[in-house]
Amino acid sequence: MSGSSFVVGQPHFGRYTRTPAENAEAVADTRADLTSAVEASPGDSAGAAVLDAAVDLAEALTIAGHEDEAVALAGPAVLVARETGRDESLRWALLVLATAEHYADAMPAAETHFREALDLARAAGDRVAEHYTLHHLGRFLVDAGRTEEGALCFTACLAIREELGEPRAESTRAALAALTDAS
């Protein structure tokens with residue numbers, strides 16, 4: 001995988017990327033998952049499976065650089081999660097929507113959705129959603145020229161990632177190092 005590049009002043013600070021082949025495979029896989037969920041027999045978990053598959057596809061589309069398509073998919077997923085009371089799905093759908101909006105340059109909407117995702121993660125005690133949201137919010141803030149706020153998000157994210165033994169702590173350390181070097 002291509003990974004992330006943390007360069008202050010370069011657009012999309014630390015945006016995660018894949019190779020074109022990896023992107024094509026991820027999008028195809030998540031499209032297949034969504035199709036399977038839609039075609040599955042109705043049951044108690046059918047709606048949840050469709051919702052979660054839609055969020056996964058929106059994430060894959062964002063990574064592949066298809067932000068507008070991701071926003072078009074994640075926006076309705078947020079509404080469905082909200083209307084059906086699927087709180088965990090809502091947290092992740094908001095994060096995916098905010099990330100897609102960030103990279104589609106819909107900055108005010110992105111910040112609103114990042115903040116809501118973070119508030120909901122904290123209220124639920126969902127440390128995993130919290131650290132992911134903090135990391136993505138940090139990237140957003142750096143891109144918005146608010147590097148001090150971004151560094152605070154990365155610092156909080158790193159503390160959670162270290163506490164959880166999360167391997168992605170290295171990515172957060174790299175972001176903080178880039179911000180420190182730019183100071």
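Predicted model only: the values in this text are computed from it and were never measured. (Residues numbered from 1 in each chain as written. Predicted model: local features only at pLDDT ≥ 70, side-chain atom pairs only at ≥ 80, totals over all residues. Heavy atoms only, no water.)

Q: I keep staring at the packing of aromatic side chains and nothing clicks. Help me out?
A: Here a ring pair, both rings aromatic, is described through the centre-centre distance and the interplanar angle of the planes. According to the stated counting rule, one finds four aromatic pairs in the structure shown. Aromatic side chains tryptophan 92 and tyrosine 132 sit 5.6 Å apart centroid to centroid with 65 degrees between the ring planes, which places their arrangement in the edge-to-face category. Here tyrosine 132 lies in helix α6 (residues 127–143) and tryptophan 92 lies in helix α4 (residues 87–103), a separation of 40 residues in the sequence. By relative accessible area, tryptophan 92 is classed as partly exposed at 25%. Ring centres of phenylalanine 114 and phenylalanine 140 lie 5.7 Å apart, and the angle between their planes is 50 degrees; this geometry places the pair in the tilted category. On the criterion of sequence distance, the pair formed by phenylalanine 114 in helix α5 (residues 107–124) and phenylalanine 140 in helix α6 is long-range, its members being 26 residues apart. By the burial criterion, phenylalanine 114 is buried, and phenylalanine 140 matches it. (Phe/Tyr/Trp six-rings, centres within 6.5 Å; stacked < 30°, edge-to-face > 60°. Helix = DSSP H or I, 4+ residues; strand = E, 2+ residues; numbered from the N terminus. Buried < 20%, exposed > 50% of the residue type's maximum accessible area, 1.4 Å probe, protein only.)

Q: Would you take a moment to explain the confidence of the model for the protein for this structure?
A: When pLDDT is low, close inspection of the predicted coordinates is not appropriate. Per-residue pLDDT for the protein averages 93, and the proportion of residues at 70 or more is 97%. At the low end of the mean pLDDT range in the protein sits helix α8 (residues 169–182), at 92; at the high end sits α5, at 98. (pLDDT = per-residue confidence, 0-100.)

Q: Help me understand a negative patch on the surface in this model?
A: Among the surface-exposed residues, Glu25, Asp29, Asp33, Asp56 and Glu59 lie close enough to one another that they form a single negatively charged patch. Where the negative patch is concerned, the elements lending two or more residues are α1 (20–39) and α2 (46–63). In terms of residues, the negative patch owes the most to one element, α1, which gives three residues. Relative to the assigned elements, aspartate 33 resides in helix α1. (Patch = residues over 30% accessible without salt bridge, like charges linked within 9 Å, V, L, I, M, F, W, Y side chains within 5 Å. Areas by Shrake-Rupley, 256 points an atom, 1.4 Å probe, with all protein chains shown as cover. Salt bridge = Lys/Arg side-chain N within 4 Å of Asp/Glu carboxyl O. Lys, Arg positive; Asp, Glu negative; His and termini not counted. Charge placed at Lys NZ, Arg CZ, Asp CG, Glu CD.)

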